[in-house]
Amino acid sequence: DAPILDKPRVPLLAEWRGEPLDDKAARDIMMGHLDHPSAHSCSTKKPWSWKIVVGANPAYDAFPMQHQIFYPCNENPEDGSSTSKS
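Residues numbered from 1 in each chain as written. Predicted model: local features only at pLDDT ≥ 70, side-chain atom pairs only at ≥ 80, totals over all residues. Heavy atoms only, no water.

*Asks:* Could you clarify how one ought to interpret the overall build of the protein in this entry?
*Replies:* Across its full length, the protein carries two helices and six strands. Ordered by position from the N terminus, the helices and strands of the protein form the series β-β-α-β-α-β-β-β. Residues classed as buried in the protein amount to 20% of the 86 residues present. Sequence-distant contacts, at least 24 apart, represent 15% of the contacts inside the protein between residues at least 6 apart. Summed over its atoms, the accessible surface of the protein is roughly 7,100 Å², and 58% of this surface lies on carbon and sulfur atoms. (Helix = DSSP H or I, 4+ residues; strand = E, 2+ residues; numbered from the N terminus. Buried < 20%, exposed > 50% of the residue type's maximum accessible area, 1.4 Å probe, protein only. Contact = heavy atoms within 4.5 Å. Areas by Shrake-Rupley, 256 points an atom, 1.4 Å probe, with all protein chains shown as cover.)

*Asks:* How should I be thinking about the environment of Pro-47 in this particular structure?
*Replies:* Mapped onto the elements of the fold, Pro-47 is located in the loop between α1 (23–31) and β3 (50–51). Judged by relative accessible area, which is 60%, Pro-47 ranks as exposed. Here the alpha-carbon distance between Pro-47 and His-36, two residues 11 residues apart in the chain, equals 8.8 Å. For Pro-47, the contacting residues outside a window of four places in its chain are Leu-34 and Ile-69.

*Asks:* In this structure, what is going on with the pattern of salt bridges? I would like to understand it.
*Replies:* Should their charged atoms come close, side chains of opposite charge can pair. Summed over all chains, the structure comprises two salt bridges. As a salt-bridge pair, Asp-28 and Lys-24 come within 3.2 Å of each other at their nearest N and O atoms. Residue Asp-28 and its partner Lys-24 are located together in helix α1, separated by four residues, close to a single helical turn. We note a salt bridge from Arg-27 to Asp-28, for which the minimum N-O separation is 3.5 Å. Using a relative accessible area of 10% as the deciding quantity, one classes Arg-27 as buried. (Salt bridge = Lys/Arg side-chain N within 4 Å of Asp/Glu carboxyl O.)

*Asks:* What should I look at first to understand the side chain of Asp-28 in this one?
*Replies:* Asp-28 sits in the buried class, given a relative accessible area of 5%. When residues no more than four places from it in sequence are discounted, the contact partners of Asp-28 are Trp-16, Ser-38 and His-40.

*Asks:* Got a minute to help me understand the side chain of Arg-27 in this structure?
*Replies:* On the secondary structure map, Arg-27 appears in helix α1. Here Asp-28 takes part through its side chain, which lies 3.5 Å from a polar atom of the side chain of Arg-27. (Polar contact = N/O pair within 3.5 Å; in protein donor to acceptor, adjacent residues only side chain to side chain.)

*Asks:* Explanation requested: a negative patch on the surface in the structure shown.
*Replies:* Among the surface-exposed residues, Glu-15, Glu-19, Asp-22 and Asp-23 lie close enough to one another that they form a single negatively charged patch. On the secondary structure map, Asp-23 appears in helix α1. Judged by relative accessible area, Asp-23 falls into the exposed class, the value being 71%. (Patch = residues over 30% accessible without salt bridge, like charges linked within 9 Å, V, L, I, M, F, W, Y side chains within 5 Å. Lys, Arg positive; Asp, Glu negative; His and termini not counted. Charge placed at Lys NZ, Arg CZ, Asp CG, Glu CD.)

Quick look at the structure:
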C-alpha cells in the first residue's frame, strides 16, 4: 500500500548528446552497451544493454546479476532503422 511518489517532478528528456531525442536516439539509449553491430558507437560491447544496480530496490536484490537486454529486430536495410524488443 505504498503511495506513488509525485516528487521530484523530473522533466522529459528533450535531447541526447546535443541532438533532439528522436526515435533513433531513443533506440540507441535502450540498446545501451549491448555488443551488437547496430549499437551506438559509445557502446562498451557487453552481453547486456543495462545492468540493474543491486540495492536500488529489494525486489531486484532477490535475483542476483539481473540484466536488461534490448536488441533490434525488423531492421530496415534501406535506412538502417529498426524496432526493438526486450
